[in-house]
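If you want the building blocks of each chain, they are given just below.
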Amino acid sequence: MYGVKAAVRRLEFAPASRDMKVTSIEDGHFVFKPQADKPVSLGALRKAVTKAGYAVEGTWIEVTGVLTADGLRVPETGQVFRLEGEERLRVLREQADAGNVSAAGIWKVDGSQEIIVLEEPRPKEGNP
């Protein structure tokens, strides 16, 4: 796992290696919270991991921001994520009156556009 963490660490948005948590050594799964003031890029993440000799089997992301006509805008970076999934998007729009909302789901990219395929938020560690 050190090789994957080292590859990811080179990305501008990555945290320190100590802030990346390995959740399964057998499966090669790990999680990290990107630096709040840096936009993220799934393309750059995939490229770094592949260059290090590994593969990205899937990605999941949770983002907090402001709903706009184009998607979810992260105030700290201005980055906009396109949102897919009509039912969950309807719920987010209802919550948007309260200010920032969190969107969670499968992370994809289409050209230069980052996309979140909306899913129900995952429970926090240690919670059912």
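Residues numbered from 1 in each chain as written. Predicted model: local features only at pLDDT ≥ 70, side-chain atom pairs only at ≥ 80, totals over all residues. Heavy atoms only, no water.

> Just give me the short version of the nonpolar core, but keep the residues and values in it.
A general tendency of soluble globular proteins is for nonpolar side chains to be buried together. If you look at the biggest cluster of nonpolar residues, it comprises 24 residues, and the most contacted ones within it are V8, L45, F81, L83 and I116. Secondary structure elements with two or more residues in this core: α1 (2–9), α2 (42–51), β3 (60–67), β5 (80–84), α3 (86–95), β6 (101–110) and β7 (113–119). Examining the composition of this core, we find that 4 residues originate from one element, α2, more than from any other. Beyond its immediate chain neighbours, meaning those up to four positions away, F81 contacts V40, I61, V63, D70, G71, L72, V74, W107, E114 and I116. (Core = buried A, V, L, I, M, F, W, Y, C linked by side-chain atoms within 4.5 Å. Buried < 20%, exposed > 50% of the residue type's maximum accessible area, 1.4 Å probe, protein only. Helix = DSSP H or I, 4+ residues; strand = E, 2+ residues; numbered from the N terminus. Contact = heavy atoms within 4.5 Å.)

> Provide a residue-level description of α2, including the pertinent values.
Those residues of α2 lying buried are L42, L45, A48 and V49. Along α2, the residues classed as buried sweep out an arc of 130 degrees about the axis, all on the same side. The exposed set on the far side of α2, more than 90 degrees from its buried face, consists of K47, T50 and K51. At the C-terminal side of α2, G53 shows a positive phi close to 95 degrees. (Arc of directions from axis to C-beta.)

> Before we move on, can you summarise the environment of M20 with the specific residues and values?
Positionally, M20 belongs in the loop between α1 and β1 (21–24). Once the C-alpha coordinates of M20 and G3 are considered, the two residues, 17 residues apart in sequence, prove to be 12 Å apart. Setting aside anything within four residues of it in sequence, one finds M20 in contact with K5, V8, R9, A14, P15, F30, V31 and F32.

> I'd like a description of α3, backed by residues and values.
Among the residues making up α3, those that are buried are R88, L89 and L92. The buried residues of α3 occupy an angular sector of 100 degrees when projected down its axis, which confines them to one face. Exposed residues on α3 whose side chains face more than 90 degrees from its buried face are E86, E87 and E94. Those residues of α3 that are buried are in contact with β3, β5, β6 and β7.

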